[in-house]
Amino acid sequence: AAQKWMYGGLDSNLLLQYIAWISYPVVLITFSAGFTQILAPQAVGSGIPEMKTILRGVVLKEYLTFKTFVAKVIGLTCALGSGMPLGKEGPFVHVASLCAALLSKFMAAVFGGIYMNELRNTEMLSAACAVGVGCCFAAPIGGVLFSIEVTSTFFAVRNYWRGFFAATFSAFIFRVLAVWNQEEETITALFKTRFLCFSGLAPSLPVRRLVYPALVTLLISTLTFPPGFGQFMAGQLTQHESLVALFDNRTWCRQGVAEEFDYISHHHAWKHPQVNVFITLILFTVMKFWMSAVATTMPVPCGAFMPVFLIGAAFGRLVGEIMAAMFPDGIHAAGGVYPIVPGGYAVVGAAALSGAVTHTVSTAVIVFELTGQISHILPVMIAVILANAVAQALQPSLYDSIIRIKKLPYLPELGMGHHEKYNIRVEDIMVRDVRYITLNSSYRDLQEMLMTGQLKTLALVESRDSMILLGSIERLQLQSLLSLQLSRQRRLEYLRQLAQDNGTHDHLPSLTSDSTPSSPCTHTHLNSSTNSSARQAITEWEEQQLDEPVDFKNCKIDPAPFQLVEQTSLHKTHTIFSLLGLDHAYVTSMGRLVGVVSLKELRKAIEGSVTVTGVKVRPPLASFRDSGNTTNVSEVTELHKLCIQCQV
């Protein structure tokens, strides 16, 4: 609105109009990019791919913090106010999840108890995703269904009513605000239609991070400048105004000749004396397609659903106008006349394209709630299902593609058509060189294990000979054991005992006042000989402590880590990982630890290992198996049993 006001007030000077038209979005986008990069780079982008990753059990650092919340809200406000072809649905999901996470932290700090449960936090985030979509479109039912489809592989039904409850109130507040602001007389649909019938800030911030969004904004603003090329593609309309016009149930053309139509103040944007409506809609669809694709790559908080929704509506409107031109009097069938309603085609196109891009069916429900009508449920559902079938056969969804681009931990779907993958077992893909500790391990072994590896959990086995899996221990617990064994208090006790044995008790205060774990016996008042002997004594004491066996009594051990047997199929492993949100599982044989499988190995097995020449190969043992021959499987199993007996 501010951009149009600046542009409209300079009718007499075309150059000033152009400067006003491009300066407003460039300044807002540049500020949004800079502010977000300085405060919290995690706020960049949509938010749905990251929430999908978090809800499957992966912890993303600094993603659900108050700092990210501030950066997301301010950056999104500036990005949407710039008028660029950007969406708000994904950021709304992220903002709602941030509110839920911060609220959970507050409740846990104040009340504790159930609010500190990790499962409780997951339930809050699931409801928050539904709230984000619900308040974005004022569509609580479609919001809940859409959030389930894009963020969950397996959904807990117990969270269903929570999502509907929260999404309903969020949509209610969103529409009530319009009434309070006197934009609406009562609570109504966001894009109301009346279809009769239907047929068919830091100095260290790199300059390039600001230059790229500024150049993209400058290019898009120049192309949409109304007196320029924008006059052929309704460049002066916002996304909301464009959708209102595209959903209009009146026909804009007859046989390629622009018809006189008037829809509030938007009619002049779609009419041009030299160009008919067909050319305008084609240019609008093509230009919005690539401009939206480029705009969503800017490092600002933004989504992609609304631009895709708008492009689908424009293409549907184009098809509807073509049908109206071909059948100006409507379609005669069964003794009746069915007039062509181009706005209905726009609704179907919007639902189909947005559903295809996101691989969801709930976009049909969102469209019904947006338009306030359900009379075209059958054609909309058919179009959405067909679009999904085509899109899923060609490529992953928009959010899965972003997950892969950002290299977030994910688990790809196991396609039903890849029968060869059903013959792969866990033993084919597991890592056999497992890092573990035993009950007889010394603190020195513990120290070497922590220094040479970065695993979050380590397996605990009975001994190197038996390899019986007893449980798993987190890395933090092992670090705590090592720190306790070499703690400052035990060092001071040893120094005190050493001073008493040597008869130097008077020097104990100066000996212990500045002692630290790194240099426990350094003090400026000691002479060099005392300093050297004390340091040598501490070094010898540390060596003795490191050689002692580890005491696991004060350590929290998970006695039942997730385990798989060697013969577990890839399909069953994929189901377990997806259902429980695992990131790794140990592989055992008769209770003996033989390997470990993680998301990395599972993902490689599903996608196929790629050699240097680009040819996908199967795991070695999997080549013995064949789906049509069961004897090979039994032979390999018997051979495996013989190998185990020989080892024993």
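As the structure is a computational prediction, the values presented were derived from the model and not from experiment.

Draft legend 1. Representation of the overall build of the protein. Check the secondary structure of the protein and you find 26 helices and twelve strands. Every one of the 648 residues in the protein was classed for burial, and the buried ones make up 47%. Accessible surface for the protein amounts to roughly 32,800 Å². Of this, 62% is attributable to carbon and sulfur atoms.

Draft legend 2. Structural view of empty space enclosed by the protein. Roughly 50 Å³ of volume is contained in the largest cavity. Lining the largest cavity are ten residues, with V347, F368, T371, Q373 and H376 positioned closest to its centre. Per element, the largest residue contribution to the lining of the largest cavity is three residues, and it comes from helix α15 (residues 363–371). When the residues that make up the lining of the largest cavity are grouped by side-chain class, the tally is six nonpolar, four polar and no charged. Here the second largest cavity is characterised by a volume of approximately 40 Å³. Lining the second largest cavity, in full, are S126, A127, A130, V144, S147, I148, F155, N159, Y160 and G163. Mapped by element, the contributors of at least two residues to the lining of the second largest cavity are α6 (118–137), α7 (140–151) and α8 (160–180). When its residues are assigned to classes, the lining of the second largest cavity shows six nonpolar, four polar and no charged.

Draft legend 3. Quick peek at the pattern of salt bridges. Summed over the entire model, instances satisfying the criterion amount to six salt bridges. Among the salt bridges present, the one from E50 reaches K406, with a minimum N-O distance of 2.5 Å. Between R444 and E543 there is a salt bridge whose closest N-O contact spans 2.6 Å. Linking R444 in helix α19 (residues 443–452) with E543 in helix α23 (residues 528–546), this pair joins segments that are 99 residues apart in sequence. Members of the salt-bridge network, linked through shared partners, are R444, E543 and D547.

Draft legend 4. Spatial organisation of the packing of aromatic side chains. Considering all chains together, one arrives at nine aromatic pairs under this definition. Between the aromatic rings of F146 and F305, the centroid separation amounts to 5.4 Å while the plane-to-plane angle is 75°, which identifies the pairing as edge-to-face. Ring pairs connect the aromatic residues F146, F247, F305 and F309, which therefore count as one cluster.

Draft legend 5. Region of the structure containing helix α16 (residues 377–394). With 18 residues, α16 should cover 26 Å at 1.5 Å per step; its first-to-last C-alpha distance of 26 Å lies within 8% of that length. Residues of α16 that are buried include every one of V380, A383, V384, A387, N388 and A391, and no others. Across the axial projection of α16, the buried residues extend over an arc of 135°, all falling on one side. Turned more than 90 degrees away from the buried face of α16 sit L378, L386, V390 and A393, all of them exposed. Considering only its buried residues, α16 is in contact with α14 (342–358) and α15.

Draft legend 6. Quick peek at the pairing of strand β6 (residues 457–461). In terms of burial, β6 is a largely internal element, four of the five residues being buried. The pairing of strand β5 (residues 436–438) with β6 spans three bridges and is classified as parallel. Residue pairing in the sheet places Y436 in a bridge with A459 of β6. Read as a crossover between parallel neighbours, the route from β5 over α19 to β6 is right-handed.

Draft legend 7. Main features of a nonpolar patch on the surface. On the surface, I374, I377, L378, I382 and L386 cluster together to form a nonpolar patch covering roughly 500 Å² of accessible area. As for its placement among the helices and strands, L386 is situated in helix α16.

Draft legend 8. Representation of the nonpolar core. Judged by nonpolar contacts, the single largest core of 59 residues is most densely connected at F137, L246 and W270. Both domains that meet at this core, namely domain 1 (1–181) and domain 2 (240–252 + 268–406), each give it at least three residues.

Draft legend 9. Just the environment of V319, in detail. Along the chain, V319 falls in helix α13 (residues 305–326). Assessed through its relative accessible area of 31%, V319 is described here as partly exposed. Considering only alpha carbons, one finds V319 and L281, 38 residues apart in sequence, at a separation of 9.8 Å.

Draft legend 10. Quick peek at the sheet that holds strand β10 (residues 592–598). The sheet built from three strands is open, its strands ordered β8-β9-β10 with mixed pairing. Each edge of the sheet is formed by a strand with only one pairing partner; in this case those strands are β8 (563–565) and β10. The mean angle between the axes of side-by-side strands here comes to 35°, regardless of whether they run parallel or antiparallel. Relative to β10, strand β9 (residues 584–589) is paired through six bridges, and the arrangement is antiparallel. Note on β10: the bridge partner recorded for A585 is V597. Together, β8, β9 and β10 form the strand contacts of helix α24 (residues 570–580), whose direction differs from that of β8 by roughly 170°.

Draft legend 11. Main features of the sheet that holds β6. The mixed open sheet is built from three strands, whose spatial order is β5-β6-β7. Since the sheet does not close on itself, it has two edges, and those belong to β5 and β7 (469–474), each with one partner. Averaged over all pairs of adjacent strands, the angle between their axes in this sheet comes to 35°, without regard to strand direction.

Draft legend 12. The arrangement of the confidence of the model for the protein in detail. In this model, the protein carries a mean pLDDT of 77, and residues with pLDDT of at least 70 account for 77%. Note that pLDDT drops below 50 for residues 185–189; the model gives that stretch twelve contacts with residues more than four away or on any other chain. Below pLDDT 50 for its whole length, residues 506–526 participates in 35 contacts with residues either more than four positions away or in separate chains.

Draft legend 13. Structural detail: α14. With 17 residues, α14 extends 25 Å between its outermost C-alpha atoms, agreeing within 8% with the 24 Å of an ideal straight helix rising 1.5 Å per residue. α14 sits mainly inside the fold: 15 of its 17 residues count as buried.

Draft legend 14. Local environment of the packing of helix α12 (residues 277–295) against α13. Two elements in contact, α12 and α13, have axes separated by 9 Å at closest approach and are oriented at 160°. With respect to α13, the axis of α12 lies roughly antiparallel. Like other packed secondary-structure pairs, α12 and α13 cross with a definite hand, here left-handed. Residues F278, L281, I282, F284, T285, K288, F289 and S292 of α12 form the contact with α13, whose own contacting residues are P307, L310, I311, A314, F315, R317, L318, E321, I322 and A325. Of the residues that constitute the contact of α12 with α13, the class distribution is 13 nonpolar, two polar and three charged.

Draft legend 15. Molecular detail of the state of the cysteines. According to the stated counting rule, one finds zero disulfides in the structure shown. Between C99, a free cysteine, and C135, which holds the nearest cysteine sulfur, the sulfur-to-sulfur gap is 9.3 Å.

Draft legend 16. The arrangement of the side chain of S589 in detail. Note on placement: S589 falls in strand β9. Look at S589 and you get buried, because its relative accessible area is 10%. Among the polar contacts made by the side chain of S589, one reaches the side chain of E566 at a distance of 3.4 Å.

Draft legend 17. Focus on the packing of helix α3 (residues 48–55) against helix α17 (residues 398–405). Relative orientation of the contacting elements α3 and α17 amounts to 80°, with a least axis distance of 8 Å. Relative to α17, the element α3 is oriented roughly perpendicular. Counting all contacts with α3, which are made through I48, P49, K52 and T53, the residues of α17 involved are Y399, D400, I402 and I403. In the contact of α3 with α17, the residues fall into five nonpolar, one polar and two charged.

Parameters and conventions
- Residues numbered from 1 in each chain as written.
- Predicted model: local features only at pLDDT ≥ 70, side-chain atom pairs only at ≥ 80, totals over all residues.
- Heavy atoms only, no water.
- Helix = DSSP H or I, 4+ residues; strand = E, 2+ residues; numbered from the N terminus.
- Buried < 20%, exposed > 50% of the residue type's maximum accessible area, 1.4 Å probe, protein only.
- Areas by Shrake-Rupley, 256 points an atom, 1.4 Å probe, with all protein chains shown as cover.
- 1 Å grid on protein atoms, 1.4 Å probe; cavity = no way out; pocket = protein on both sides within 12 Å on 5 of 7 lines; lining within 4 Å.
- Points joined across faces, edges and corners; volume = space filled by probe spheres on them.
- Nonpolar A, V, L, I, M, F, W, Y, C, P; charged D, E, K, R; others polar.
- Salt bridge = Lys/Arg side-chain N within 4 Å of Asp/Glu carboxyl O.
- Phe/Tyr/Trp six-rings, centres within 6.5 Å; stacked < 30°, edge-to-face > 60°.
- Expected span 1.5 Å × (residues − 1).
- Arc of directions from axis to C-beta.
- Contact = heavy atoms within 4.5 Å.
- Pairing = 2+ DSSP bridges.
- Right-handed = clockwise from strand over helix to strand, strands pointing away.
- Patch = residues over 30% accessible without salt bridge, like charges linked within 9 Å, V, L, I, M, F, W, Y side chains within 5 Å.
- Core = buried A, V, L, I, M, F, W, Y, C linked by side-chain atoms within 4.5 Å.
- Domains from an automatic or database assignment.
- Axes fitted to C-alpha atoms, helices over the stretch in contact; angles between N-to-C directions.
- pLDDT = per-residue confidence, 0-100.
- Parallel < 35°, antiparallel > 145°, perpendicular 65-115°, else oblique.
- Left-handed = near helix turned anticlockwise from the far one by under 90°.
- Disulfide = S-S within 2.5 Å.
- Polar contact = N/O pair within 3.5 Å; in protein donor to acceptor, adjacent residues only side chain to side chain.

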